[in-house]
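Inside the fold
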Amino acid sequence: MTTGADARVLGIESSCDETAAAVVRGGRAVLSSVVRSQVAEHAPWRGVVPEIAGRGHLEAIVPVVEEALSAARTSPRDLAAVAVTTQPGLVGSLLVGATTAKALAWAWSKPLVAVHHIEAHVYAALMSLPEWHFPYVTLVVSGGHTSLYRTESPLRHALLCSTRDDAAGEALDKAAALLGLPYPGGPSIEKAGTGGDPGAHPFKLPLLAPDSLDFSFSGLKTALLYHLKGPGLSRPEAPLPAGQALADLCASYEAAVVETLARKCLRACLQLDIPRLLVGGGVARNQRLRAAVARRAQRDNVQATFAAPEFCTDNAAMIAGLGHARWAAGKLADLAVDVAAR
Ligand code: KG4
Ligand code: ZN
């Protein structure tokens, strides 16, 4: 008989371009976390190609699950449940993970738990804390999402606001493509901007109204495009910047994204009078974002907690962790559960 504290959950994640499986004990102890990235396959297209992603998951999913179980020295009979991301994401990709999880749950006679990918990014930040004191203001900042929530429990998140257009990660990915830097753009821009002057090109921060919590990043990308190609795209053949000019431009663009995110999430903490902030999602891996948020949080007496870097980008430990919380709350899924893009 497993109790909540030692219950092991197998998590499976395949919503975008990472095939991942993990075993987590008691919702906290990560016994294994295997991530098979498809970055190399998608890099030539400077973005995720859904057909390639689906096929990649199909090839990787069984070996990745086997590796996660073996690294965790866990046999299927030791598991309390199988958890899987069912939304949001690319439907063809989600289906591979969901179908695998259903087949395993059925074959092993284990309960199935359906997990929302964005809620799992929040859970990844909660996993960094030894104790939880709800509520939190939560920033989820990834390639597909930039949203603020009021988090009441691992299972309850009230949406405060979202981006009106591009997600922050998307703004970095698109900027990298404009600059001829490799996909994914966030880490490329972070690397290329090292040693650059973040004040060299003062991009206007998209802060919107003084008390607005909404995000909008598409204007930044357009400003970069005009900076590169001239007003009205009058210099379409202009050479791309290199060397120090490239470093300055990347540092400045990244600073505009990072400053906007840092100001808005602290603004939310002050507006809601909640002195606790969680930050998760792929962009939360960014060192300059972590530093900017930490600096402002310290000034405003807010306790800021980030997901561990390896659990910011897509992984299955966060799926198994949240899966444990849902399993413990009796929130099980039917084997007929469907996947959803949104
Ligand atoms: O959470 P994630 O792995 O997938 C989604 O759910 O979208 O986030 C991927 C996003 C990409 O846009 C990528 O460029 C960005 O996270 N990213 C970063 C860094 N590492 C990944 N952005 C800024 N700095 C990084 N170090
Ligand atoms: Zn994600």
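Check the entry above for the structure.
Rules used in this analysis
- Residues numbered from 1 in each chain as written.
- Chains lettered and ligands numbered in written order.
- Predicted model: local features only at pLDDT ≥ 70, side-chain atom pairs only at ≥ 80, totals over all residues.
- Heavy atoms only, no water.
- Helix = DSSP H or I, 4+ residues; strand = E, 2+ residues; numbered from the N terminus.
- Rg over C-alpha atoms; globule rule 2.2 N^0.38 Å.
- Buried < 20%, exposed > 50% of the residue type's maximum accessible area, 1.4 Å probe, protein only.
- Contact = heavy atoms within 4.5 Å.
- Areas by Shrake-Rupley, 256 points an atom, 1.4 Å probe, with all protein chains shown as cover.
- Lys, Arg positive; Asp, Glu negative; His and termini not counted.
- Charge placed at Lys NZ, Arg CZ, Asp CG, Glu CD.
- Pairing = 2+ DSSP bridges.
- Axes fitted to C-alpha atoms, helices over the stretch in contact; angles between N-to-C directions.
- Left-handed = near helix turned anticlockwise from the far one by under 90°.
- Nonpolar A, V, L, I, M, F, W, Y, C, P; charged D, E, K, R; others polar.
- Near = heavy atom within 4 Å.
- Polar contact = N/O pair within 3.5 Å; in protein donor to acceptor, adjacent residues only side chain to side chain.
- 1 Å grid on protein atoms, 1.4 Å probe; cavity = no way out; pocket = protein on both sides within 12 Å on 5 of 7 lines; lining within 4 Å.
- Sits in = over half its atoms within 2 Å of the grid points.
- Domains from an automatic or database assignment.
- Salt bridge = Lys/Arg side-chain N within 4 Å of Asp/Glu carboxyl O.
- Donors = N, O, S within 2.8 Å, 3.2 Å for Na, K, Ca; no water.

1. Section: the overall build of the protein
Within the protein, the regular secondary structure consists of ten helices and ten strands. Computed over C-alpha atoms, the radius of gyration of the protein comes to 20 Å, within 12% of the 20 Å expected from 2.2 N^0.38 for 342 residues, which places it in the range of a compact globule. In terms of overall dimensions, the protein has C-alpha extents of about 65 × 45 × 30 Å along its principal axes. Every one of the 342 residues in the protein was classed for burial, and the buried ones make up 54%. Counting contacts in the protein only where the partners sit at least 6 residues apart, residues at least 24 apart contribute 73% of the total. Carbon and sulfur atoms provide 55% of the accessible area of the protein, an area that totals close to 14,500 Å². Between the centroid of the 32 positive side chains of the protein and the centroid of its 31 negative side chains there is a distance of 3 Å.

2. As for the sheet that holds strand S8 (residues 156–162)
Spatial ordering of the open sheet is given by S8-S7-S6-S9-S10, a layout of five strands whose pairing is mixed. Across the chains shown, the open sheet's two edge strands, defined by having one partner strand only, are S8 and strand S10 (303–306). Strand-to-strand, the axes of this sheet are offset by a mean angle of 25°, without reference to chain direction. As judged from the four bridges shared by strand S6 (residues 136–141) and strand S9 (residues 276–280), these two strands associate in the parallel manner.

3. Some remarks on the packing of helix H2 (residues 50–71) against helix H3 (residues 91–108)
Each packed pair of helices is defined by two parameters, the angle between the axes and the distance between the axes. Viewed as axis vectors pointing N to C, H2 and H3 meet at an angle of 35°, and their least axial separation amounts to 9 Å. The hand of the H2/H3 crossing is right-handed. On H3, the residues that touch Ala-53, Gly-54, His-57, Leu-58, Ile-61, Val-65 and Leu-69 of H2 are Gly-92, Ser-93, Val-96, Gly-97, Thr-100, Leu-104 and Trp-108. For the contact of H2 with H3, the class distribution of residues is eight nonpolar, six polar and no charged.

4. With respect to the site of ligand 1
In the vicinity of ligand 1 lie 20 residues, with Gly-143, Asp-173, Gly-186, Glu-190 and Asp-314 positioned nearest. Backbone polar atom of Gly-186 to an oxygen atom of ligand 1: 2.9 Å apart, as the coordinates give it. Relative to its free-state accessible area of 550 Å², ligand 1 is covered by the protein chains to the extent of 90%. Judged by the fraction of its atoms near the pocket grid, ligand 1 is located in the largest pocket. When residues of the shell around ligand 1 are assigned to their parent elements, the largest contribution, four residues, is made by helix H6 (residues 185–192). Looking at the shell around ligand 1, its residues break down into five nonpolar, eleven polar and four charged. Counting contributing residues per domain, the shell around ligand 1 is built from domain 1 (4–123 + 313–328) and domain 2 (132–306), each supplying no fewer than three.

5. Some words on the sheet that holds strand S4 (residues 79–87)
Strands sit in the order S3-S2-S1-S4-S5 across an open sheet of five strands; the sheet is mixed. Among the strands making up the open sheet, the edge pair consists of strand S3 (29–37) and strand S5 (112–116). Taken over all neighbouring pairs, the strand axes of this sheet differ in orientation by 20° on average, direction set aside. Against the sheet, H3 engages strand S1 (8–13), S4 and S5, with an angle of about 160° to S4. On the sheet, helix H10 (residues 317–328) packs against S1, strand S2 (18–25), S3, S4 and S5 and is oriented at approximately 120° with respect to S5.

6. Looking at the pattern of salt bridges
Tallied over the entire structure, the rule returns eleven salt bridges. Between Arg-150 and Glu-152 there is a salt bridge, with its nearest N and O atoms 2.4 Å apart. With relative accessibility at 27%, the residue Arg-150 sits in the partly exposed group. What makes Glu-152 partly exposed here is its relative accessible area of 26%. A salt bridge links Lys-221 to Asp-166; the nearest nitrogen and oxygen atoms lie 3.2 Å apart.

7. Side note on the coordination of the zinc ion (ligand 2)
Protein coordination at the zinc ion (ligand 2): the donors are His-117 (NE2), His-121 (NE2) and Asp-314 (OD), at 2.0 to 2.1 Å from the metal. All donors to the zinc ion (ligand 2) come from one chain, and their sequence spacing reads H-x3-H-x192-D. With a gap of 197 residues between them, His-117 in helix H4 (residues 117–126) and Asp-314 in the loop between S10 and H10 connect regions that are remote in the sequence. Here His-117 matches Asp-314 in class, with each residue buried.

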